Amino acid sequence: MEAAPPSAGEDGLIFEVNGERFEVPEVDPSTTLLEFLRSRTRFKSVKLGCGGCGACVVLLSKYNTELKQVENFTVSSCLTLLCSINGCSITSSEGLGNSKDGFHPIHQRFTGFHASQCGFCTPGMCMSLFSALANAEKTNRPQASPGFSRLTVSEAEKAIAGNLCRCTGYRPIADACKSFAADVDLEDLGINSFWRKGDSKEVKVSKLPFYNPKDHSCSYTEKLEDEYKSTRLLNSQKYSWYSPVTVDELRNLLHSDMVENGKRTKLVVGNTANGYYKETEKYDKYIDLRYIPELSVVKEDNSGIEFGAALSISKVILYLKEKSKVNLRSSGDMVLTKIADHLEKIASGFIRNSASLGGNLIMAQRNYFPSDIATLLLAVGSSVSILTGHKHEKIMMEEFLRRPPLDPKNVLLSVQIPFLEPIRINGTVQTNSRLLFETYRAAPRPLGNALPYLNAAFLADISCNKNGILVNSIQLAFGAYGTKHATRAKKVEEYLTGKILSVGILNEAIKLVKGDVVSEEGTSHAAYRSSLAAGFLFEFLNSFSSVGSAISGGLPENLNGLSLDGAAKSNNESEISQIGGSLLLSSAKQVVESSKDYHPVGAPMPKFGAAIQASGEAVYVDDIPSPPNCLHGAFICSTKPLARVKGITFKSHPQPAEVAAVISVKDIPREGENIGSMAMFGSEPLFADDLARFAGDLIALVVAETQKNANLAAKTAIVDYDTEGLDPPILTVEEAVERSSFFDVPPFLYPQEVGDFSKGMAEADYKILSAEIRLGSQYYFYMETQTALAIPDEDNCMVVYSSIQCPEFAHRVIAKCLGIPEHNVRVLTRRVGGGFGGKALKAMPVAAACALAAHKLRRPVRIYLDRKTDMIIAGGRHPMKITYSVGFKSDGKITALHLDILINAGITTDISPIMPSNMMGAIKKYDWGALSFDVKVCKTNHSSKSAMRAPGEVQGSFITEAIIEHVASFLSMEVDSVRNKNIHTYESLKLFYGSASGEPVEFTLPSIWDKVARSSSFDERITMTKQFNRSNIWRKRGISRVPIVHELYVRPAPGKVGILWDGSIVVEVGGIELGQGLWTKVKQVVAYALSAIHCDGTEDLVEKVRVVQADTLSLVQGGFTAGSTTSESSCEAVRLCCNVLVERLATLKEKLQEEMGSVKWDALILQAHYQNINLAANSFFVPDSSSTKYLNYGAAVSEVEVNILTGETRILRTDIVYDCGQSMNPAVDLGQIEGAFVQGLGFFMLEEYLTNSDGLVVVDGTWNYKIPTIDTIPRQFNVEVLNSGHHQKRVLSSKASGEPPLLLAASVHCATRAAIKEARKQLKSWGAADGTDTVFQLDVPATMPVVKQLCGLDTVEIYLQTLLST
Ligand SMILES: Cc1cc2nc3c(=O)[nH]c(=O)nc-3n(C[C@H](O)[C@H](O)[C@H](O)COP(=O)(O)OP(=O)(O)OC[C@H]3O[C@@H](n4cnc5c(N)ncnc54)[C@H](O)[C@@H]3O)c2cc1C
Ligand code: FES
Ligand code: FES
């Protein structure tokens, strides 16, 4: 008999998860919901990515005792404290549906729309959508037609705005979400497995997995509802969790003996601040503020609205929106609407749902958090009520912010927003007076989930008189620009008050604001932030005074005849910052030409396992339940680039009680070796011995009973360094050159030069000499961080589960490290939550450290790196410095190029010696006439850089475009015509690439180049862009077409196929499923190859195939999953196995056919088993020398729009044509193309990889490392997967898709440069002296500050000056 679940008692912690009741008699109050779900339940769909990524989102249902109804909203389970969900019901993705009870239509549609690749983000995405569907049903909109929800397309897209995905590029996810919307046009949805092109609407609807909101409501049992109809509070003593219900009770608690005795107390509402300020110490008691009515209600009177401080931001938004719906006319309510709109850009829905208004303001007040809310409230003259000791105080927001940081015992009770009305004279509103309000925020992402560089809110009371527009009063608040807290620009306000707006006045105000809004020392992009303040003020004043249009139409000094209605309207539309209209994605076109030659190879089948990924049942390494006695590890990393490590201590000396051991180099067995990773060029040590050689070097592994304790201990470790007598570290490539610190590149890997550079230069009409480009790094940002679990086995063996792209190498490293034979080690990898090259070498030290600790302690040990540590040790893309000299004719034909490249490889070789050849493979994409180069791989005191998707190729391809652009600018030619002049002919291609160029028919680039021009209407859009730029001052557009040639290498791969008694098939391959669809292609190939037996029942053979996890003892020589070609090699390996099996079965099949007329697959296999035919086959595919290398081609056209005031770039449209040969699975390949492009977009436009002066990575999470989100991808994203027909030497005529499309994202960078060029030309036309040269370097990434800097930090002033001087 099963033991009864523990009872929590009358006042114990009770909640439900997916309909199951949990009673938790005791728990550490700092435990998060995620920790509980993942470690104490069977529900593993909540994934840990990083606070703010959305991987952990669940739906929380809660009985609202006021409204007497159940509320449902999403929360991030990684931030929600378990005690705070007492009485709630939690739904996670497996609760919506699963493989046993049937999948939810959300899971089915995510699968059918190909919206899941590695799957790590998918359950969180599904929950965000589910919540949006559930809430749409609560609206009073008309019932949607059967199969659909009341949700709108816009809401569907916004539902996932805060969830990160590193694989898909978002477009398919958006389609899956939109497929539920009542107003969706199914024609707008992309490729899917439900319907065929040309199906009628009715057929399409009938094929979509049916959705009925009533079948899928949120679970909240009546029992729980009954229990919680009246507030039921936790036993505060037992849980150290206090829930006062009155302010007096709260006050008493805060001043109780416990506090006085120095116990640490924490006030808590949503606990989301923990996403930003990671706690390193524990609290003795928590005080939950949500049960005190004063803190949770909204009160309204004639003077304004009072919001309780514990109200969530979402509730505040809802209230403000409802309020302004009631009274649309009032300008005061327009203020409320705008505040609500701005609040919607804070964080993401699942954060806003639990993040409180008060929590935000306290963070702003006490910790100087760059709050948006403080700025908004400051502008509208809000006040706050606070409890300081025994005193209730009501103070203005300004004073609240200015006061010294509030004592932890003080409480923010409520916030009052006044109703605003135009100025009254003798109690009546002046007829001629209007209230205008606008808010601004410049952030890397338009829809939020990114802190702003600066935010602002402006309130003005204006009136019209015969001289123009009079500013009666004005309030200008600015925040988040590197100040302690939001401030009012008082000097500017004073200056503007009482003035009639004119160009001169505006000019003066702008000057003043730049003097007022100044960041504190040490703030990044300080000048940029000040220029934003000027830009926003200009935009605001311009929006109601139309200075711009008035001026361009004749420059009156005073603005006569402007109606206030017009002013208000234009203020509402806020014309300048609205780049290119709506933020919504437009319908995208995907053209896939599938081939039936090798059916089912070529079919766009959904990715194998997508549904279980969506429901969260797919098992990743950290989902494997911890074995009994399991310990957890966290690394202590060096913060110094070169230093002796003298010792480690902890803040709580000698070491925290929870720490079981500290494993370091001293623990490596005598017969073992200090080795952490290895590849073809050498190995890397696991731990620093007595010398740490880069910031991030692993010094030790802290092992504790829980991952949380291990992480906390590692964070509090103090390393004693000594640098005396050591040479200074090498931190730059220049220092490496000075000290001749290089890695060797084996001669066979060093690329070949082409032609005679001196001769080419002699033929040139013009030369550019020694121009320089610098490129930085990029972090992988796989959603699943590095993880491993090591379990000691009998007879000195070690089993290691690792999330790795090359288990075979980890296997060898572990054996060497432990000093045991390789057959004593077994590494298992089932699936990886995103790799992108970062889980090749960099996963090995994690696996090795786990194994070493497990070996030493004789207990299982697991590691799941926190994001910060992962970012510090991951290495990432290679930074480099490039110097080039190029010669060219006056018509743009380049005659010679020389490059000097210094690659910063970091401390060990890793894969760096392949960088020169990878780079040159991409650089050769144009016919340079002659090409010479000197590439040095520099050894520096940085973490070793590793392969990141398209390593070297993406930099190489970019460099070529930068050079082409430089030449075009030099000659004042259209860039596209310079590209045309230098694009390869087949002859020049052969000269540059030799045998890799294949047959002339395989050279598809020229046709792709034309095709993408046609499909994107390139020529027409160039004309339109020019027209746009002529008629817009503050927004400029650019369009660019870019080709790629990518050299690929096919590597050997093993395969193993076995047929079981029931005819089902089990397959093992060397390649790892990273989300790239390798297993799906393998299944298709197995089905195709075995169907050569030609018996009945092979049509659906693909359903019978199961690919199983990589097991290094079962299949040896697995190699690396890298370089985009592992899918095709693995497919070929299993095809060889199948050929053997078909041959073995042929005689039996003939015999049975003769006897029975026809043979069924199942019967054939059963007979084969009885007749002892060997139904298992092994192979090792080794490509022959003539087919190891090949070229792949593609081209993209991108169009962007740049906001000159902020530097924001939006991608309006991208069109890609990409050659996939005969794609094995066009849906999978399309996903790879889109996903790679968006990752490239991150590199070129968004992802700033910053280190401190010691080389220690300082971007350490979603807060400061911005990967693309749904609102930063091309608004229209058209992709054509070209079927270029039969390729004799390619595996079933297919070509790779994983990496090359990433290079195409350079088109966005080039288009941005084109737009900036237009801005600079305009600046020149205004007579500016500096910053107008059309030859300029646009850094990578071209972030907002970078773009703005090039467009001019003082554009507004120059513009106004021009007007004044005309
Ligand atoms: C991913 C993410 C993105 C974000 N983006 C933005 C953004 O773009 N702009 C922006 O402005 N904000 C942003 N935030 C901040 C967010 O608004 C705050 O985290 C949130 O409002 C804090 O509320 P909470 O209830 O979770 O506070 P908690 O985390 O519970 O508390 C925060 C702090 O305030 C104290 N506290 C809470 N309430 C009170 C009270 N009433 N009186 C006294 N002390 C109190 C707590 O003790 C704690 O020290 C973001 C947050 C996250 C996690
Ligand atoms: S894991 Fe919770 S938001 Fe990322
Ligand atoms: S599928 Fe979204 S992160 Fe991999």
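In this text the structure is predicted, and so the values were computed from the model without any measurement.

*Asks:* When you look at the side chain of Q117 in this model, what are you seeing that I'm missing?
*Replies:* Secondary-structure assignment places Q117 in the loop between α3 (105-112) and α4 (122-137). You can call Q117 buried: its relative accessible area is 8%. Aside from chain neighbours lying at most four places away, what touches Q117 is C167, T168, K607, Q613, G1075, G1231 and Q1232.

*Asks:* I keep staring at the pattern of salt bridges and nothing clicks. Help me out?
*Replies:* Opposite charge on two side chains allows them to pair when their charged atoms are near. Evaluated as defined, the whole model comprises 65 salt bridges. Residue K607 is joined to E1073 by a salt bridge in which the shortest nitrogen-to-oxygen separation is 3.5 Å. Here the residue K607 occupies a position in the loop between β20 (590-592) and α24 (610-615), and E1073 occupies one in the loop between β40 (1065-1069) and α37 (1078-1090), the gap between them amounting to 466 residues. E1073 matches K607 in its accessibility class, with the two residues each being buried. Among the charged side chains, a network of salt bridges with common partners joins R38, K47, D622, D623 and R862.

*Asks:* What exactly am I supposed to notice about the nonpolar core here?
*Replies:* The nonpolar side chains of a soluble globular protein tend to be buried, and buried together. Membership of the largest hydrophobic core comes to 356 residues, with the highest contact counts inside it found for F400, F478, F635 and L899. At eleven residues, the largest contribution of residues to this core is made by helix α40 (residues 1226-1246). Not counting residues up to four positions away in its chain, the partners in contact with F478 are T375, L454, N455, A456, F458, A486, T487, A489, V513, V517 and A533. With 43 residues, the next largest nonpolar core counts V1086, A1087, V1105 and L1145 among its residues.

*Asks:* I would appreciate a short explanation of the site of ligand 1 in the present structure.
*Replies:* Taken together, 33 residues surround ligand 1, and among them L267, V269, T272, S356 and D372 come closest. At 2.7 Å from an oxygen atom of ligand 1 is found a main-chain nitrogen or oxygen belonging to D372. A total of 980 Å² of accessible area belongs to ligand 1 in isolation, and the protein chains cover 96% of it. Mapped by element, the contributors of at least two residues to the shell around ligand 1 are β7 (265-268), α16 (357-367), α17 (372-379) and β13 (411-418). For the shell around ligand 1, the leading source of residues is α16, giving five residues. Its residues assigned to classes, the shell around ligand 1 shows 20 nonpolar, ten polar and three charged.

*Asks:* Quick question: what am I supposed to make of the environment of G921 here?
*Replies:* Along the chain, G921 turns up in helix α31 (residues 915-923). A relative accessible area of 5% means that G921 is categorised as buried. Taking the C-alpha atoms as reference points, G921 and S946, separated by 25 residues in sequence, lie 18 Å from one another. With residues near it in sequence (within four places) discarded, G921 still touches Y993, V1045 and E1047.

*Asks:* Is there a simple way to think about the sheet that holds strand β44 (residues 1189-1203) in this case?
*Replies:* Reading across the sheet, the five strands line up as β20-β46-β45-β44-β38 and stay open at both edges, with mixed pairing between neighbours. The open sheet has two free edges, formed respectively by β20 and β38 (1035-1049), since each of these has just one partner strand. Ignoring strand direction, the axes of neighbouring strands in this sheet form an average angle of 10°. Sheet topology note: the β20/strand β46 (residues 1276-1282) ladder contains three bridges and is parallel. Bridge pairing in β46 places V592 opposite V1281. This element, helix α36 (residues 1018-1031), spans β38, β44 and β45 (1209-1219) of the sheet and lies at about 145° to β38.

*Asks:* Can you help me understand the sheet that holds strand β30 (residues 766-775) in this one?
*Replies:* The strands making up a sheet associate through backbone hydrogen bonding, with each pair oriented either parallel or antiparallel. Strand order in the open sheet formed by five strands is β29-β37-β36-β35-β30, and the pairing between neighbours is mixed. Two strands close off the open sheet at either side, each with one partner strand: β29 (742-743) and β30. Two strands pair when backbone bridges link them, and strand β36 (residues 894-906) and strand β37 (residues 930-939) are joined in this way by ten bridges, in the parallel orientation. Across the sheet, G906 pairs through a bridge with K939, a residue of β37. The strands that helix α32 (residues 953-971) touches are β30, β35 (880-888) and β36; relative to β30, the one it contacts most, it runs at about 140°.

*Asks:* Please clarify how helix α39 (residues 1161-1170) should be interpreted in this entry.
*Replies:* Since there are 3.6 residues in each turn of an α-helix, residues three or four apart along the chain are aligned in direction. When we look at burial in α39, the residues that qualify are W1161, L1164, I1165, A1168 and H1169. Relative to the axis of α39, the buried residues are bounded by an arc of 135° and lie together on one face. Where α39 is buried, its residues contact β39 (1053-1059), β40, α37 and α38 (1126-1156).

*Asks:* How should I be thinking about a nonpolar patch on the surface in this particular structure?
*Replies:* A cluster of nonpolar side chains, namely W1061, L1166 and Y1170, defines an oily patch on the protein surface of about 340 Å² accessible area. Positionally, W1061 belongs in the loop between β39 and β40. Judged by its relative accessible area of 45%, W1061 falls in the partly exposed class.

*Asks:* How should α31 be read in this particular structure?
*Replies:* Most of α31 is tucked away: nine of the nine residues are buried. Here α31 has its buried residues at M915, P916, S917, N918, M919, M920, G921, A922 and I923. Where α31 is buried, its residues touch β35, β36, β37, α32, α34 (986-993) and β38.

*Asks:* For this particular structure, what's the right way to read the packing of aromatic side chains?
*Replies:* Given two aromatic rings, their pairing is described by the distance between the two centres and the angle made by the two planes. Summed over all chains, the structure comprises 45 aromatic pairs. A ring pair is formed by F113 and W195, whose centres lie 6.1 Å apart and whose planes are at 80°; its orientation type is edge-to-face. Within this pair, whereas F113 is found in the loop between α3 and α4, its partner W195 is found in the loop between α6 (171-178) and α7 (201-207), the two being separated by 82 residues in sequence. Owing to a relative accessible area of 1%, F113 belongs among the buried residues under this scheme. Relative accessible area serves as the criterion here: at 10%, W195 is assigned to the buried category.

Cut-offs applied
- Residues numbered from 1 in each chain as written.
- Chains lettered and ligands numbered in written order.
- Predicted model: local features only at pLDDT ≥ 70, side-chain atom pairs only at ≥ 80, totals over all residues.
- Heavy atoms only, no water.
- Helix = DSSP H or I, 4+ residues; strand = E, 2+ residues; numbered from the N terminus.
- Buried < 20%, exposed > 50% of the residue type's maximum accessible area, 1.4 Å probe, protein only.
- Contact = heavy atoms within 4.5 Å.
- Salt bridge = Lys/Arg side-chain N within 4 Å of Asp/Glu carboxyl O.
- Core = buried A, V, L, I, M, F, W, Y, C linked by side-chain atoms within 4.5 Å.
- Near = heavy atom within 4 Å.
- Polar contact = N/O pair within 3.5 Å; in protein donor to acceptor, adjacent residues only side chain to side chain.
- Areas by Shrake-Rupley, 256 points an atom, 1.4 Å probe, with all protein chains shown as cover.
- Nonpolar A, V, L, I, M, F, W, Y, C, P; charged D, E, K, R; others polar.
- Pairing = 2+ DSSP bridges.
- Axes fitted to C-alpha atoms, helices over the stretch in contact; angles between N-to-C directions.
- Arc of directions from axis to C-beta.
- Patch = residues over 30% accessible without salt bridge, like charges linked within 9 Å, V, L, I, M, F, W, Y side chains within 5 Å.
- Phe/Tyr/Trp six-rings, centres within 6.5 Å; stacked < 30°, edge-to-face > 60°.

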